[in-house]
Amino acid sequence: MKIFYTTFVLFILALSASAQTGTIKGIIYLADSTVVSHATIRIENSNIVAVSSVKGDYEFKNVPYGEQTISVSSVEFHSKRVKINVHKKLQNLHIYVAPKGDRSLDEVRIEKKSVKKEIETSGFAVAVIETKEASLRNLTTNELLDRAVGVRVRQNGGEGSPIEYNLNGMSGSTIGLFLDGIEISTYGSSFNLNNIPPSMIERIEVYKGVLPSHLTGNYIGGAINVIMKKDASSNNITAAVSYGSFNTYRADIGGLYRNQKNGFTARVSGFYSHSDNNYEMWGKFSKYTRPGGRVDRYYRVKRANDEFKTVGGRFEFGFTNVKWADQFFLGYNISDSHKEVPHGITMTKPYFGRFNDYQAHVFSLNYNKKNLFIDGLSLNVNAVHSKRNTYLQDTVSLRYNWDGTLLVKNSEGPPETYGYEPGKGQQGDAVISDIDRTISNVRSNLAYTIFSGQRISLNHKFEKTNREDKDLLNPARSRWITNNNTTTNIWGLNYESELLDGKLRTNIFGKYALYHTDQRTPTGEKDGTMVYEHNKIKRNNKGFGGTLSYEAVKRGFIIVSAEKSFIMPTDRHVYGEPESNVLANPDILPERAINYNLGARFGALEVGKHKLSLYGNMFWRNGYDKIIQQTRTEEVVEGREGQVEDIQVTQFVNLSKTQSIGYEAEVNYVFDNRLNAMVNFSKFNSLFKVKSDEMGNPHSLYDKQIPNEPFFTVNGNVQYRMNNILQKKSVVNLYYNVGYVAPFSTIWIESEWFTTPTQLAHDLGASYRFPSGKLVASLDCKNVLNAELYDNFGVQKPGRAFYIKLNYTINKF
């Protein structure tokens, strides 16, 4: 009887155990911790099967308790079998697999290619820039962007200079700049795309025209979204140093630690950059004024008063892949930079003694969770609070030549200088200003998968900016400076669907914005107390649009998108930005636009060792009250060639109606996974479309190209890899890049003097990866033929330059 009871109890326990089920989830990794997508994972002797997502994760539900065997297979790696004892409701199982044969160097890019394909075939006009190879070379993030199809990075000189981005003719405020989905302006001028090294970046997403819901905001021209590295699969430290021409040196370091037991994760990174920017100038705006006023044009001289240095750090602590969160991080960013200002918006005259200092303290929270409370419900929250400070000093009253010598009137007698006025600076009145900005920015996305292939999401963006200006040179005047607050709320709702076995993907969305400004203007003083006038403005706007992607043939996609959208003026448009020579314009209006895109993408076609990918896109953009940055002439002096001598500032203004029609294309070719070649081009017109002025007279600018926009660009590059050179298991990569920019007008006035000439630049580079894989050395020569290059408003760019860089990585400590 005792044996019977014992057997009965064991039978009941076994029966109850067999009735219990649990959930298994995890991530599929390659040996170097790169995640793998589209792998097939199954529980043997059952019908439970899953496929890893583009992020490499998988999940099994209702898995019976007890010993189970999981098999993982794909054409990309060797199959693997893993045994697990299922004994609790939720178990994490990360599986590492080995790539096949000697193709491992290519297989480490499986996840990135999958993410790239997933984004680029989503229906948006978008390009994804991968940073893995670039991070090993002496390239800045902006240089990577400048080589992408339809992208032009506009910079006023060398490192640290003001930058504008042009996407198919749309520029300035129409373009959103994001860091992990948060406006990068929140982080301050000292933490921007020019300062963040590619080694800290996972990928860059460039959207042209219509934006996805998670980037809902005040933009109509597109967006650049920088995705920072977040891989928490293995502990590692990476470091890089470089040195090159113009006394330019950079250093960056990053580290990641994850406790595999409790999911605690820490990510730390930092960077430092310095450049004298003392490159040689010899173009049309480089000149020397002799005593008596004679001007020597095309004067060859080294650029002065343009030193730039910046330092920054990013610290994040939290948990990854735990039950209550896929990711939860609290972060802190600090950055500081110093930038001398060598001239105004144009190079018409040099500055000496004018400089800016920037500092930012940024606190952040990031939380995302799939299957929150119920299956199919996900939440993503990014919140950032920053305190930014900008210091501007300009107190030198004397006037100088580009070589640093004083401008004098007479060669004999007392050195009477030109234009010396006490109380003046290099640009207008002498000034020492201090601007404090406090910015709160919260983005949230709540999405629900109704059933497979059907998803609805609600997005909200909240942003509040407080700005306070102080005049440190005349503290009493600080009391009379206007205080400005702006608050923006934008709601977005979108519906995504996949039909016809995933061949047809659509996205329909709408958004609503509420914009509020509160301007406190001092009007007088009563009994020692300032009296203020409050001016409050409240505006709202609506927009809507949609995208469609259809796989018409295998690997061939037709991509369509359309949108009616808007831009509400920001504090930069309304109140100006003195550190960047931007004047205020309190009367500026919101911008509205209607955009259309029609494109196609094919690839990769594989024939033996050959792979070919094709991309093309046509666009039509209609702008109303378009916000553009336009030069303002404070003092005009006509020179011998009829040039304007004193254009030093800009202002945001409205153009009542504009139209841009254009197209872009890109071809990628790969041979034997060793040779990569790419060529792309973008061409468009961006025309002023107002036929008559307010008086009914024909407008002289009708159908004219909007100035300062390069409307035809071509980029090409070739990369070739050689294995086992000098040492076994070593890798050598050779690079060549060429960039062409067609001539374009700098301002509305038509003349050769105001035309930026044809530009053609060639770059060469090489990198050597040592057998251990931990150390990579690279050498780059930029503008190898020393071509005369220009950028925003005719500012000359650096000539030939050489750089060397070392990268070192420690994995799995």
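Note that this is a predicted model, so its numbers are computed, not measured. (Residues numbered from 1 in each chain as written. Predicted model: local features only at pLDDT ≥ 70, side-chain atom pairs only at ≥ 80, totals over all residues. Heavy atoms only, no water.)

**Description of the overall build of the chain**
Then comes step 1: If you tally the helices and strands in the chain, you get 6 helices and 45 strands.
Then comes step 2: Going through the 813 residues of the chain one by one, you find that 53% of them count as buried.
Then comes step 3: Residue pairs at least 24 apart in sequence account for 65% of intrachain contacts in the chain once pairs closer than 6 positions are excluded.
Then comes step 4: About 36000 Å² of surface is accessible on the chain, with carbon and sulfur atoms providing 58% of the total. (Helix = DSSP H or I, 4+ residues; strand = E, 2+ residues; numbered from the N terminus. Buried < 20%, exposed > 50% of the residue type's maximum accessible area, 1.4 Å probe, protein only. Contact = heavy atoms within 4.5 Å. Areas by Shrake-Rupley, 256 points an atom, 1.4 Å probe, with all protein chains shown as cover.)

**Regarding the sheet that holds strand S5 (residues 66-74)**
Across a sheet, strands are paired by hydrogen bonds formed along the backbone, either parallel or antiparallel in direction.
Then comes step 1: The sheet built from 4 strands is open, its strands ordered S3-S2-S5-S6 with antiparallel pairing. Each edge of the sheet is formed by a strand with only one pairing partner; in this case those strands are strand S3 (49-51) and strand S6 (77-86). The mean angle between the axes of side-by-side strands here comes to 20°, regardless of whether they run parallel or antiparallel.
Then comes step 2: Looking at chain direction, strand S2 (residues 40-43) and S5 are connected through 4 bridges and run antiparallel. Bridge pairing in S5 links isoleucine 41 to valine 72. (Pairing = 2+ DSSP bridges. Axes fitted to C-alpha atoms, helices over the stretch in contact; angles between N-to-C directions.)

**Description of the pairing of strand S43 (residues 759-769)**
Within a regular beta strand, the side chains point alternately toward one face of the sheet and then the other, so they alternate between its two faces.
Then comes step 1: In terms of strand pairing, strand S40 (residues 731-741) meets S43 through 11 bridges, oriented antiparallel. Across the sheet, valine 738 pairs through a bridge with histidine 762, a residue of S43.
Then comes step 2: Where S43 and strand S44 (residues 775-782) come together, 6 bridges link them in antiparallel fashion. Among the inter-strand pairings, arginine 769 is bridged to a residue of S44, identified as valine 776.
Then comes step 3: Joining the antiparallel neighbours S43 and S44 is a turn of 5 residues, in which glycine 773 adopts a positive phi near 80°.

**So, the pattern of salt bridges**
Then comes step 1: The tally for this structure, following the rule as stated, stands at 23 salt bridges.
Then comes step 2: For glutamate 159, the salt bridge is made with arginine 250, and the minimal N-O distance between the two is 2.0 Å. Pair noted here: glutamate 159 is in the loop between strand S10 (151-155) and strand S11 (163-167) and arginine 250 is in strand S18 (residues 248-258), with a separation of 91 residues, a long-range link.
Then comes step 3: By relative accessible area, which is 17% here, arginine 250 ends up buried.
Then comes step 4: Aspartate 394 is the partner of arginine 354 in a salt bridge, and the nearest nitrogen-oxygen pair spans 2.7 Å. With arginine 354 in the loop between strand S25 (325-340) and strand S26 (355-369) and aspartate 394 in strand S27 (residues 377-394), the pair connects residues that are 40 residues apart, well separated along the chain. (Salt bridge = Lys/Arg side-chain N within 4 Å of Asp/Glu carboxyl O.)

**A word on the sheet that holds strand S13 (residues 175-179)**
Then comes step 1: On the basis of which strands lie adjacent, the open sheet formed by 5 strands has the order S9-S15-S16-S13-S14 and mixed pairing. At either margin of the open sheet sits one strand with a lone partner, and together these are strand S9 (126-130) and strand S14 (182-183).
Then comes step 2: With 2 bridges joining them, S13 and S14 adopt antiparallel strand pairing. Paired with phenylalanine 178 across the two strands is glutamate 183, which belongs to S14.

**Considerations on the packing of aromatic side chains**
Then comes step 1: The final tally for this structure, using the stated rule, is 20 aromatic pairs.
Then comes step 2: Where phenylalanine 712 meets tyrosine 740, the ring centres are 5.9 Å apart and the plane angle is 75°; that geometry is what we call edge-to-face. Taken together, the positions of phenylalanine 712 in strand S39 (residues 712-723) and tyrosine 740 in strand S40 put the pair 28 residues apart, joining distant regions of the chain.
Then comes step 3: With a relative accessible area of 23%, phenylalanine 712 lands in the partly exposed category.
Then comes step 4: Tyrosine 740 gets classed as partly exposed once you look at its relative accessible area, which sits at 25%.
Then comes step 5: Taken together, the ring pairs connect Phe264, Phe319, Trp324, Phe328 and Tyr367 into an aromatic cluster.
Then comes step 6: When the ring centre of phenylalanine 329 is taken as origin, the NZ or CZ atom of arginine 267, which lies over that ring, is 3.7 Å away.
Then comes step 7: The side chain of lysine 511 reaches across the aromatic face of phenylalanine 566, ending 4.8 Å from its centre. (Phe/Tyr/Trp six-rings, centres within 6.5 Å; stacked < 30°, edge-to-face > 60°. Lys NZ or Arg CZ within 6 Å of the ring centre and 35° of its normal.)

**Let's talk about a nonpolar patch on the surface**
Then comes step 1: Taken together, the side chains of Phe373, Ile374, Leu446, Tyr448, Ile450, Phe451, Ile456, Leu458, Leu493 and Tyr495 present a nonpolar region at the surface, about 970 Å² in accessible area.
Then comes step 2: Ranked by the residues each element gives to the nonpolar patch, the list is headed by strand S28 (residues 431-451), at 4 residues.
Then comes step 3: Its location among the elements puts leucine 458 in strand S29 (residues 454-471). (Patch = residues over 30% accessible without salt bridge, like charges linked within 9 Å, V, L, I, M, F, W, Y side chains within 5 Å.)

**Regarding empty space enclosed by the protein**
With a probe scaled to a water molecule rolled over the atoms, the places where space remains empty come into view.
Then comes step 1: Tallied over the full model, the rule gives 9 cavities of 30 Å³ or more.
Then comes step 2: The volume enclosed by the second largest cavity comes to roughly 720 Å³.
Then comes step 3: Lining the second largest cavity are 35 residues, and of these Glu143, Asp146, Lys782, Lys797 and Pro798 sit closest to its centre.
Then comes step 4: At the level of secondary structure, the elements contributing two or more residues to the lining of the second largest cavity comprise helix H4 (141-146), S10, S18, S40, S43 and strand S45 (801-811).
Then comes step 5: Take the lining of the second largest cavity: its biggest share by element is 5 residues, from S40.
Then comes step 6: Looking at the lining of the second largest cavity residue by residue, the classes come out as 10 nonpolar, 15 polar and 10 charged. (1 Å grid on protein atoms, 1.4 Å probe; cavity = no way out; pocket = protein on both sides within 12 Å on 5 of 7 lines; lining within 4 Å. Points joined across faces, edges and corners; volume = space filled by probe spheres on them. Nonpolar A, V, L, I, M, F, W, Y, C, P; charged D, E, K, R; others polar.)

**Section: the pairing of S9**
Then comes step 1: In terms of burial, S9 is largely enclosed, as 4 of its 5 residues are buried.
Then comes step 2: Pairing geometry for S9 and strand S15 (residues 201-208), over 5 bridges, is antiparallel. From the neighbouring strand, valine 126 faces S15, where its bridge partner is tyrosine 207.

**With respect to the confidence of the model for the chain**
Then comes step 1: Averaged over all residues, the pLDDT of the chain is 81; the fraction at 70 or higher stands at 86%.
Then comes step 2: Here residues 3-19 is modelled with pLDDT under 50, and outside its nearest four sequence neighbours on either side it reaches 1 contact, counting other chains as well.
Then comes step 3: Contacts for the low-pLDDT stretch residues 101-113, under 50 throughout, to residues beyond four places or in other chains number 31 contacts. (pLDDT = per-residue confidence, 0-100.)

**Looking at unusual backbone geometry**
Then comes step 1: Residues other than glycine seldom take positive phi values, yet phenylalanine 373 does so here, at roughly 70°.
Then comes step 2: As for its position among the elements, phenylalanine 373 is in the loop between S26 and S27.
Then comes step 3: Given a relative accessible area of 77%, phenylalanine 373 falls into the exposed group.
Then comes step 4: Positive phi values are uncommon outside glycine, yet aspartate 672 reaches one of about 55°.
Then comes step 5: You can see aspartate 672 is positioned in the loop between strand S37 (647-671) and strand S38 (675-688).

**Some details on the side chain of threonine 248**
Then comes step 1: Tracing the backbone shows threonine 248 in strand S18.
Then comes step 2: From its side chain, threonine 248 meets the backbone oxygen of serine 245 in a polar contact 2.8 Å long.
Then comes step 3: Engagement of the side chain of threonine 248 in a polar contact is seen with the side chain of serine 275, the distance being 2.8 Å.
Then comes step 4: Not counting residues within four places of it along the chain, the set of residues in contact with threonine 248 comprises Glu159, Ser242, Tyr243, His274, Ser275 and Tyr803. (Polar contact = N/O pair within 3.5 Å; in protein donor to acceptor, adjacent residues only side chain to side chain.)

**Section: the environment of glycine 22**
Then comes step 1: Inspection of the secondary structure assignment puts glycine 22 in strand S1 (residues 21-30).
Then comes step 2: Overall, the relative accessible area of 3% leaves glycine 22 in the buried class.
Then comes step 3: Between the C-alpha atom of glycine 22 and that of lysine 89, which follows or precedes it by 67 residues, the distance is 4.2 Å.
Then comes step 4: Those residues in contact with glycine 22 that sit more than four places away from it in its chain are Phe60, Lys61, Asn62, Val63, Tyr65, Lys88 and Lys89.

**Focus: the nonpolar core**
Then comes step 1: Core analysis: the largest hydrophobic core is formed by 26 residues, its most contacted members being Leu145, Ile204, Val206, Ile224 and Val226.
Then comes step 2: At the level of elements, H4, S10, S11, S13, S15, strand S16 (222-228) and S26 are the ones that each hand at least two residues to this core.
Then comes step 3: The contact partners of valine 206, leaving out residues within four places of it in the chain, are Ala125, Val126, Ala127, Ile129, Leu145, Val151, Leu167, Ala223 and Ile224.
Then comes step 4: Residues Ile28, Ile48, Tyr58 and Ile70 belong to the second largest nonpolar core, which totals 22 residues. (Core = buried A, V, L, I, M, F, W, Y, C linked by side-chain atoms within 4.5 Å.)

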